[in-house]
Amino acid sequence: MTKKALVVWGGMELHTPERGAHVVRELLEEEGFAVTVTPDYDALGAEDVGSNDLVVPVITDGTLAPDKMDKLITAIRAGTGLAGYHMGLATTFRASVPFRYAASVYWVQHPGNIMAYRVDVTRPDHPIMAGIESFEHTSEQYYLNYDPAVEVLATTTFSGDIHPWRKNVVMPVVFTTTHDKGRVFYSSLGHTAEELDIPHVRTILKRGLLWAAR
């Protein structure tokens, strides 16, 4: 049976959400998924949202009515996968406590904005990271609040050059977790859609999407 995915985009244009959503669509269609891409946030709270094997919000901030959020969270708890990159999950529906709990991550800062930093692969044995070595990256280095239940696959260490009081803080870049029966994947890489063209960034995202899907 063909797997289904729902990709919903919106919010800050700086993050090129529409183009990013179509990168996600391409990655999933390469693996035979039937993918719906829409700017309609309410699609995430539709009556049939649980028929999707994966939902991917490519959304900065935004809101979803409580009754629709209930449907989304119910679907995730029943097995619909949840995946996101950069702003997706970390900044999506910031005011929703149920979504924050499911997403397991919350963006709070990117000291220095666009800058060079190192991504250290901590779980080379995990299928998402297999064959990928630690690498230098230039983008926003996300400082996150995250659920201690996540399984961290890659990290970055803050130098303290911008915020000295955060020197040597080790922060997740890629992680997986679960929300009841639903699998959750997050990567902080991908400030714009162009960044998703970097081969290892694209590979991590694609493998993560597939891992999270039911």
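Positions within a chain are numbered from 1, following the residues in the order the chain's sequence is written. Per-residue local features of the predicted model are confined to residues with pLDDT of at least 70, and side-chain atom pairs are confined, for both listing and counting, to 80 or more; whole-chain, interface and lining totals are unaffected and use all residues. Side-chain numbers come from the whole structure's heavy atoms, not from hydrogens or water.

With respect to the UniProt feature "domain: ThuA-like" (unreviewed entry) in the chain
To keep it simple, the criterion reads: UniProt positions are given in the numbering used here, feature names are shortened, and annotations may be inferred rather than shown by experiment. Elements are defined by DSSP. Helices are runs of H or I of four residues or more, strands are runs of E of two residues or more, and each kind is numbered from the N terminus.
Taken from the UniProt record, the annotation "domain: ThuA-like" (unreviewed entry) applies to residues 4-212. Here residues 4-212 is 24% helix and 33% strand, with 12 Å between the C-alpha atoms at its ends.

Some thoughts on the nonpolar core
For clarity, the threshold we go by: Among buried residues, those of type Ala, Val, Leu, Ile, Met, Phe, Trp, Tyr and Cys that are joined through side-chain atoms within 4.5 Å constitute a nonpolar core. Relative accessible area decides the class of each residue, using a 1.4 Å probe on protein chains only: under 20% of the type maximum gives buried, over 50% gives exposed, and in between gives partly exposed. Any two residues having at least one pair of non-hydrogen atoms within 4.5 Å are treated as being in contact.
If you look at the biggest cluster of nonpolar residues, it comprises 69 residues, and the most contacted ones within it are L44, L54, L72, F185, I204 and L209. Per-element tally for this core: the top contributor is helix α5 (residues 199-212), with six residues. Beyond its immediate stretch of four places on either side in the chain, L54 contacts K4, A5, L6, L28, T80, G81, L82, A83, L209, A212 and A213.

As for the pairing of strand β9 (residues 151-157)
The following threshold applies: Think of it this way: DSSP has to see at least two bridges between two strands before they count as a pair.
Both strand β6 (residues 114-121) and β9 contribute to a ladder of two bridges, which runs antiparallel. Among the inter-strand pairings, V121 is bridged to a residue of β9, identified as A154. Direction of pairing for β9 relative to strand β10 (residues 170-179): antiparallel, over a ladder of six bridges. Counterpart to A154 in the pairing with β10 is V174.

Considering the packing of helix α1 (residues 17-29) against α5
Our working definition: In this description, a line fitted to the C-alpha atoms serves as the axis of each element, helices being fitted only across the stretch in contact, and the angle between N-to-C directions of two axes falls anywhere from 0 to 180 degrees. Throughout, the term roughly parallel applies to angles under 35 degrees, roughly antiparallel to angles over 145, roughly perpendicular to angles from 65 to 115, and oblique to all others. Each crossing is labelled by how the near helix is turned from the far one, with a counterclockwise turn of less than a right angle marking it left-handed and a clockwise turn marking it right-handed. Following the grouping adopted for this structure description, the nonpolar residues are Ala, Val, Leu, Ile, Met, Phe, Trp, Tyr, Cys and Pro, the charged ones are Asp, Glu, Lys and Arg, and the polar ones are all others, Gly among them.
Two elements in contact, α1 and α5, have axes separated by 10 Å at closest approach and are oriented at 65°. When the axes of α1 and α5 are compared, the pair comes out roughly perpendicular. Seen from above, α1 lies across α5 with right-handed handedness. Every residue of α5 that contacts α1 at V23, V24, E26, L27 and L28 is listed here: R202, L205, K206, L209 and L210. Partitioning the contact of α1 with α5 into residue classes produces seven nonpolar, no polar and three charged.

Considerations on the sheet that holds β6
The nine strands lie next to each other as β2-β1-β3-β4-β11-β10-β9-β6-β7, forming an open sheet whose pairing is mixed. Looking along the sheet, the strands with just one partner apiece sit at the ends: β2 (34-38) and β7 (135-140). Going from strand to strand, the sheet's axes swing by 20° on average, the running direction of each strand aside.

Brief notes about α5
The criterion, for reference: To estimate how far a helix should extend, the number of its residues minus one is multiplied by 1.5 Å.
A rise of 1.5 Å per residue sets the reference length of α5, with its 14 residues, at 20 Å; its end C-alpha atoms lie 20 Å apart and thus fit the reference within 8%. Of the residues making up α5, those classed as buried are V201, I204, L205, K206, G208, L209, W211 and A212. Elements in contact with the buried residues of α5: α1, β3 (54-59), β4 (81-85), β7, β10 and β11 (182-187).

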